[in-house]
Amino acid sequence: MTTAILEMRSITKEFPGVKALNNVTFSVKPGEIHCLVGENGAGKSTLMKVLSGVYPHGSYTGEIGFAGQVQQFRGIRDSERVGIAIIYQELALVPELTVYENIFLGNEVRKGALIDWNETIKRATQMLAKVRLDVNPEAKIKDLGVGKQQLVEIAKALSRNVKLLILDEPTAALNEDDSANLLDLLRGLRDQGVTCILISHKLKEVIAIADSVTVLRDGQTICTLDAHEGEVSEPVLIKHMVGREIEQIYPPREHKQPGEAVLQVRDWSAYSPSLGRQVLRNVNFTLRKGEIVGFAGLMGSGRTELALSIFGNSPDYRIEGELQVKGATRQLRRPSDAIAAGIAYVTEDRKGNGLILIQDVKQNITLANLRALAQRSVIDTNAEIKIANEYRTAMNIKTPSVEQRVSNLSGGNQQKVCLSKWLFVKPDVLILDEPTRGIDVGAKYEIYTLMNSLVEQGMSIIMISSELPEVLGMSDRVYVVASGRITGELPSSEATPEKIMELATN
Amino acid sequence: MMSGKTEAQASGSFMQDLSKVLRQNIRDYGMYIALFVIMFIFAITTNGIFLSPRNLSNLLNQTGYIAVLAVGMTLVIVIRHIDLSVGFLAGFLGAVAAIALVQWGLPTLFVIPMVLGLGALAGLITAFPIAQLGIPSFVASLAGWLIYRGMLQLATEGTGTIIISDAAFNAIGNGFIPDLPLGGPLEQIHSLTLLLGIVAVGFFIYNELNSRKKKIAYGFEVLPNAIFGLKLLFISGIVGWITWVLANFNGLSWTVVVMLLVVGAYHFITTSTVLGRHIYAVGGNPEAAELSGISVKRITYIVFGSMGMLSALSGILFASRLQSATTTAGTLFELDAIAAAYVGGVSAAGGVGRVTGSIIGALVMTSLTSGMNLMGVGIAYQYIVRGVVLAAAVIFDVATRRAAR
């Protein structure tokens, strides 16, 4: 048994109100590929940010040992200096610069005060050979595909004599050939002595490549498994990833026989020219009157893209397929069309594109349906205050007055303002994208109760959620989305965390 | 103009109420206070000449062509854009008006709507690359700046300065509204101006009382009685005083009438209509506005179209005032308008700024010029002082917004 190259002991990291990591222990042996798996929000990325110094020493408790020494990183530069490199899903390359400039960015080959470009190109060529990438080092990054860009990132890490390479979801944006290629390269690097930590949602990939696997759940280390002892299999991993009791935090509701179809989506595909890939492939689903349909899946699986494409807010997508609202085929080219057709979309990013933070509560609530308050397009401001106060009472929005700026409200109350805005539109179909993200348990319960009473009144709800317990606790039916496709449909009676996770990692 | 927000109807004393209302609305009242301070200083340093009827009348007329630009620029900045082309567009369209009047012999009543229409069209053309292709407005309107400068020179190339002799057209920039043929004690006084002032004050008081009554009927919070009374008295007093001063000179000028109409219309649109709310929503968060069913493109076209139309109006006012179109008309108007908007409390981050504020901003900037001219301050120092005031206004704005958070 060799001593570990990386030893993270009792790491605890708290954010206001949340314990993101709770006494996590994580140990990596030299020269192995160690996979880190867990649900969204399990703490994988936070742990890697602690390791790489994004969260500096002192902002967490616990100890990091690397290469036999206790390390106290104050920033990414410190961790880079000892040979740790992290490659994020969002690549950190400069698109307008060439491959060789990117590889040596921040680590330039100097000759006196100047850069030695000839030497730079020579070394870059060597690095590219190491990652088996056959491109002209003078090509610009923006002209390469995502798969090749990823290899350039790895070449950049290798140029700094990396000892521990961390990859966060490297294959999420890659096609199968590029993925296989990348995994192959990682094996090659391992044989040359580079230790590698791989974060991945794709369990098949994990099983194919891992020497060891650590499972995180709810900010805690659940177990570390040795692949060579035959401990790692898909069911075992899924069990460890989701293995928690679903608490009774969901208000009860009888699952009634749903009514007629209000929204039908047929052979819905979308291609994004700017991303250069197919975002949605042949999606088919139906939403009936008075039901809550959950859309489960991992982050980046295409659920939000699906919702926005239905809502008419995907100007750059090329969309094929058919959309029927209450039996009639509709072309929804922009959000105003969708709103007119009776569809409302409550965003997952309420601060980014849900609320107008500098405006007050009443202005936000009435924004999407101002015409209802206007005569000849002159707004009746007294009626506006009255309506806003009605929603404030009905939704229990905690604010000193409806003339309070929404930026001063808490997350839960902001979310209630968002919901009020869309309820004021009086929609038939309500699409909720991560409706309870970042809000406290009390407000969550209120939102669940509201959802139940809305479907009781005949509304239909699509709930996109990355929280499995929420999907299971609230939905009449569940669709599972993975890589822009619907990989399965489960009635609530048959849906289990294991089944969903299996379909989601498909 | 000075609609005060009330957080709670305090039962405290009058002074407590007053200081509270002032504190809560310091951002809105700040530039009014600044204008008063500036006028007060000049009144002293010029031994009262600054506040003489003749000077105040001149001051308002000089503000006209920048003020209408500042109104349009306010909305452009509110939706997070800028329009640099407006100065030379105003100059060019002023020349077009002059050519239409002088060389083509068209009547004023036809020329004015035609030029306004051309201005709106020019604004839509500027908006096209911005709305459709996402070109930064700085660049798109800089191109317009160059193009209209060139077109202004082309238009005036053959003839040089074009002298306008049309009396009706020239009255817009130089004339005053007619007086009522009254004798007796009102003979020395411009009685129509006085009458309009009295009607305006009456209308204002009626409106305020009415809206207060409605608010109380709905059970909403209103200003404490004493503060409300003070507000009525204060605004009526200001309007009354300005009316009195103007009535003692030549009365209301047509330029001021145009300015009041533009401000009134834009104030109404921005504060009371769906369109106005949509404009501020787009400025506050374009993504959220788009997802709420508001077309950001449409708003962009409307705002730039209105800017173009107001540029045309500015060009008409300026050409009429000079009774001619010159090769350099419009130079630096755009920067004066932008400065006026910023002094008036517009935020570059978008979504914040009032039309009325920008008018006050324009008045502040013209008052500085006028007052310093009267004092005989050199032009070099004038630029420096105006620069310092602009910087101070923006710093004050940012500081009070931080404090309000």
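The shown structure was predicted, so the numbers you read here are calculated from the model rather than taken from an experiment.

Engineer: Which residues make up the overall build of chain A, and what values do they have?
Structural biologist: Within chain A, the secondary structure is distributed over 17 helices and 24 strands. On C-alpha atoms alone, chain A measures out to a radius of gyration of 25 Å, which is about the 23 Å that the 2.2 N^0.38 rule sets for 506 residues. Its C-alpha atoms give chain A principal-axis dimensions of about 75 × 50 × 45 Å. In chain A, 67% of the contacts between residues at least 6 apart in sequence involve partners at least 24 apart. Summing over all exposed atoms, chain A offers an accessible surface of approximately 22,200 Å²; the carbon and sulfur share of this is 47%. Chain A carries 58 positive and 62 negative side-chain charges, and their two centres are separated by 4 Å.

Engineer: Describe helix H3 (residues 53–78) of chain B, listing the residues and the values that go with them.
Structural biologist: All names here are of chain B. Between the first and last C-alpha of H3 there are 35 Å, a value that for 26 residues agrees with the 38 Å anticipated at 1.5 Å per step. Where H3 bends most, at glycine 64, the angle is about 45 degrees. With respect to burial, H3 is a largely interior element, 22 of its 26 residues being buried.

Engineer: I'd like a description of the environment of leucine 419 of chain A, backed by residues and values.
Structural biologist: Residues and elements named next belong to chain A. Its place among the elements puts leucine 419 in helix H14 (residues 411–423). Taking C-alpha positions, leucine 419 is 29 Å from glycine 321, a pair spaced 98 residues apart along the chain. Among residues more than four places away in sequence, those in contact with leucine 419 are Val346, Met395, Leu432, Ile447 and Leu450.

Engineer: Describe in detail the interface of chain B and chain A, supporting the description with residues and values.
Structural biologist: Taken together, the contact between chain B and chain A spans 26 residues of the former and 38 residues of the latter. In this assembly, chain B packs against chain A so that about 2,600 Å² is buried in total across both faces, 58% of it on carbon and sulfur atoms. Of all residues in chain B, the largest losses of buried area upon contact with chain A belong to Val274, Arg277 and Leu291 of chain B, amounting jointly to 30% of the total for that side. Between arginine 277 of chain B and glutamate 384 of chain A there is a salt bridge, and its shortest N-O distance comes to 2.7 Å. For the interface between chain B and chain A, the tally reads seven residue pairs in polar contact (both at pLDDT 80 or more). Looking at the side of chain B that touches chain A, the elements with two or more residues in it are helix H8 (191–218), helix H10 (254–272), helix H11 (274–284) and helix H12 (286–291) of chain B. Residue classes in the side of chain B that touches chain A are distributed as ten nonpolar, nine polar and seven charged.

Engineer: Got a sec to walk through the environment of arginine 333 of chain A? Specific residues and values, please.
Structural biologist: Residues and elements named next belong to chain A. Inspection of the secondary structure assignment puts arginine 333 in the loop between strand E17 (328–329) and helix H10 (335–340). Taking the relative accessible area as the measure of exposure, arginine 333 reaches 59% and is therefore exposed. Counting along the chain gives 213 residues from arginine 333 to threonine 120, while the straight-line C-alpha distance between them is 49 Å.

Engineer: Break down a nonpolar patch on the surface for me, with residues and values.
Structural biologist: Residues and elements named next belong to chain B. On the surface, a nonpolar cluster with roughly 560 Å² of combined accessible area is contributed by Phe128, Leu133, Ile135, Phe138, Val139 and Leu142. Secondary-structure elements contributing two or more residues to the nonpolar patch are helix H5 (108–133) and helix H6 (137–157). Looking at the element boundaries, valine 139 is found in helix H6.

Engineer: With reference to specific residues and values, describe the packing of aromatic side chains.
Structural biologist: All names here are of chain A. All told, the structure shown has 17 aromatic pairs over all chains when counted by the stated rule. Relative to tyrosine 479, the ring of phenylalanine 295 has its centre 5.3 Å away and its plane inclined at 40 degrees; by these criteria the two rings are tilted. Linking phenylalanine 295 in strand E15 (residues 292–297) with tyrosine 479 in strand E23 (residues 477–482), this pair joins segments that are 184 residues apart in sequence. Among the residues examined, phenylalanine 295 registers a relative accessible area of 2% and is labelled buried. Judged by relative accessible area, which is 4%, tyrosine 479 ranks as buried.

Engineer: An account of the nonpolar core is needed here, citing residue identities and associated values.
Structural biologist: Residues and elements named next belong to chain B. Val71, Ile77, Val115, Phe169 and Val262 are the most contacted members of the largest nonpolar core, which has 79 residues in total. Per-element tally for this core: the top contributor is helix H4 (residues 86–102), with 13 residues. If we skip the residues at most four places from it in the chain, valine 71 touches Val262, Val263, Tyr266, Leu310, Val355 and Ile359.

Engineer: Pulling in residues and values, what's your account of H10 of chain B?
Structural biologist: Helix length check: H10 of chain B (19 residues) gives 26 Å between terminal C-alpha atoms against 27 Å at 1.5 Å per residue, within 8%. By the burial criterion, the buried members of H10 of chain B are Thr255, Val256, Val257, Val258, Met259, Val262, Val263, Tyr266, Thr270 and Ser272 of chain B. On its buried side, H10 of chain B packs onto strand E20 (378–379) of chain A together with H3, helix H7 (167–174), H11, helix H13 (296–322) and helix H15 (355–375) of chain B.

Engineer: Just give me the short version of the sheet that holds strand E16 (residues 318–325) of chain A, but keep the residues and values in it.
Structural biologist: All names here are of chain A. Sheet architecture is open: four strands sit in the order E14-E13-E16-E17, paired in antiparallel fashion. In the strand order of this sheet, the two ends are held by strand E14 (277–288) and E17, each with one partner. In the packing of helix H9 (residues 303–310) onto the sheet, the strands contacted are strand E13 (261–272), E14 and E16, and the crossing angle to E14 comes to about 70 degrees.

Engineer: Tell me about the side chain of serine 141 of chain B, residues and numbers included.
Structural biologist: Residues and elements named next belong to chain B. Locating serine 141 in the fold gives a position in helix H6. A relative accessible area of 0% means that serine 141 is categorised as buried. Not counting the four nearest positions on each side in its chain, serine 141 is found in contact with Ile82, Asp83, Leu84, Ser85 and Thr126.

Engineer: Outline the sheet that holds strand E11 (residues 212–217) of chain A, supporting the account with residue identities and numerical values.
Structural biologist: All names here are of chain A. The six strands are arranged E6-E9-E10-E3-E11-E12 in an open sheet whose pairing can be described as mixed. A single partner strand is all that each edge strand has here, and the edge strands are strand E6 (84–87) and strand E12 (220–226). This sheet shows a mean twist of 15 degrees between the axes of neighbouring strands, independent of strand direction. Pairing of strand E3 (residues 33–37) with strand E10 (residues 195–199) involves four bridges; the strand directions are parallel. Paired with leucine 36 across the bridge in E10 is isoleucine 199. Each of E3, E11 and E12 touches helix H8 (residues 234–242); the most contacted strand, E11, lies at about 30 degrees to it.

Engineer: Tell me about the confidence of the model for chain B, and please be specific about residues and values.
Structural biologist: All names here are of chain B. Mean pLDDT over chain B works out to 90, with 95% of the residues at or above the 70 mark. The least confident element of chain B, judged by mean pLDDT, is helix H1 (residues 14–24) at 78; the most confident is H13 at 97. Model confidence for the complex: the whole-complex pTM is 0.80, and ipTM, which rates the interface, is 0.85.

Engineer: Residue-level account of empty space enclosed by the protein, with values.
Structural biologist: Residues and elements named next belong to chain A. In this structure the tally under the stated criterion is six cavities of 30 Å³ or more. Taken as a whole, the largest cavity spans an internal volume of roughly 70 Å³. Lining the largest cavity are twelve residues, and of these Gly297, Leu298, Ser466, Leu468 and Met501 lie nearest its centre. Those elements that place two or more of their residues in the lining of the largest cavity are E15 and helix H17 (497–504).

Engineer: Go over the pairing of strand E9 (residues 164–168) of chain A, please, and point to the residues and values.
Structural biologist: A large share of E9 of chain A lies buried, amounting to five of its five residues. What you see with E9 of chain A is no split at all: Leu164, Ile166 and Asp168 of chain A on one side and Leu165 and Leu167 of chain A on the other are buried throughout.

Engineer: With reference to specific residues and values, describe the packing of H3 of chain B against H10 of chain B.
Structural biologist: All names here are of chain B. Put simply, H3 and H10 touch, their axes get as near as 9 Å, and they point 20 degrees apart. In terms of their interaxial angle, H3 and H10 are classed as roughly parallel. With respect to the hand of their crossing, H3 and H10 are arranged in left-handed fashion. Two secondary-structure elements touch here, H3 through Leu60, Asn61, Thr63, Gly64, Ala67, Val68, Val71 and Leu75 and H10 through Thr255, Val256, Met259, Val262, Val263, Tyr266 and Thr270. Within the contact of H3 with H10, the residues separate by chemical class into ten nonpolar, five polar and no charged.

Engineer: Pulling in residues and values, what's your account of the pattern of salt bridges?
Structural biologist: A side chain of one charge can pair with a side chain of the opposite charge if their charged atoms are brought near each other. All names here are of chain A. Applying the stated criterion across every chain, the model contains 23 salt bridges over all chains. Aspartate 360 serves as the salt-bridge partner of lysine 362, at 3.0 Å between the closest nitrogen and oxygen. The exposure class assigned to lysine 362 is buried, which follows from its relative accessible area of 10%. By relative accessible area, which is 10% here, aspartate 360 ends up buried. As a salt-bridge pair, glutamate 446 and lysine 416 come within 3.1 Å of each other at their nearest N and O atoms. Here glutamate 446 is found in helix H15 (residues 441–456), whereas its partner lysine 416 is found in helix H14, with 30 residues between them in sequence. Take lysine 416: its relative accessible area is 2%, and that puts it in the buried class.

About the cut-offs
- Residues numbered from 1 in each chain as written.
- Chains lettered and ligands numbered in written order.
- Predicted model: local features only at pLDDT ≥ 70, side-chain atom pairs only at ≥ 80, totals over all residues.
- Heavy atoms only, no water.
- Helix = DSSP H or I, 4+ residues; strand = E, 2+ residues; numbered from the N terminus.
- Rg over C-alpha atoms; globule rule 2.2 N^0.38 Å.
- Contact = heavy atoms within 4.5 Å.
- Areas by Shrake-Rupley, 256 points an atom, 1.4 Å probe, with all protein chains shown as cover.
- Lys, Arg positive; Asp, Glu negative; His and termini not counted.
- Charge placed at Lys NZ, Arg CZ, Asp CG, Glu CD.
- Expected span 1.5 Å × (residues − 1).
- Bend = angle between axes of the 7 residues up to and from the residue.
- Buried < 20%, exposed > 50% of the residue type's maximum accessible area, 1.4 Å probe, protein only.
- Buried area = accessible area lost by both parts, 1.4 Å probe.
- Salt bridge = Lys/Arg side-chain N within 4 Å of Asp/Glu carboxyl O.
- Polar contact = N/O pair within 3.5 Å; in protein donor to acceptor, adjacent residues only side chain to side chain.
- Nonpolar A, V, L, I, M, F, W, Y, C, P; charged D, E, K, R; others polar.
- Patch = residues over 30% accessible without salt bridge, like charges linked within 9 Å, V, L, I, M, F, W, Y side chains within 5 Å.
- Phe/Tyr/Trp six-rings, centres within 6.5 Å; stacked < 30°, edge-to-face > 60°.
- Core = buried A, V, L, I, M, F, W, Y, C linked by side-chain atoms within 4.5 Å.
- Pairing = 2+ DSSP bridges.
- Axes fitted to C-alpha atoms, helices over the stretch in contact; angles between N-to-C directions.
- pLDDT = per-residue confidence, 0-100.
- 1 Å grid on protein atoms, 1.4 Å probe; cavity = no way out; pocket = protein on both sides within 12 Å on 5 of 7 lines; lining within 4 Å.
- Points joined across faces, edges and corners; volume = space filled by probe spheres on them.
- Parallel < 35°, antiparallel > 145°, perpendicular 65-115°, else oblique.
- Left-handed = near helix turned anticlockwise from the far one by under 90°.

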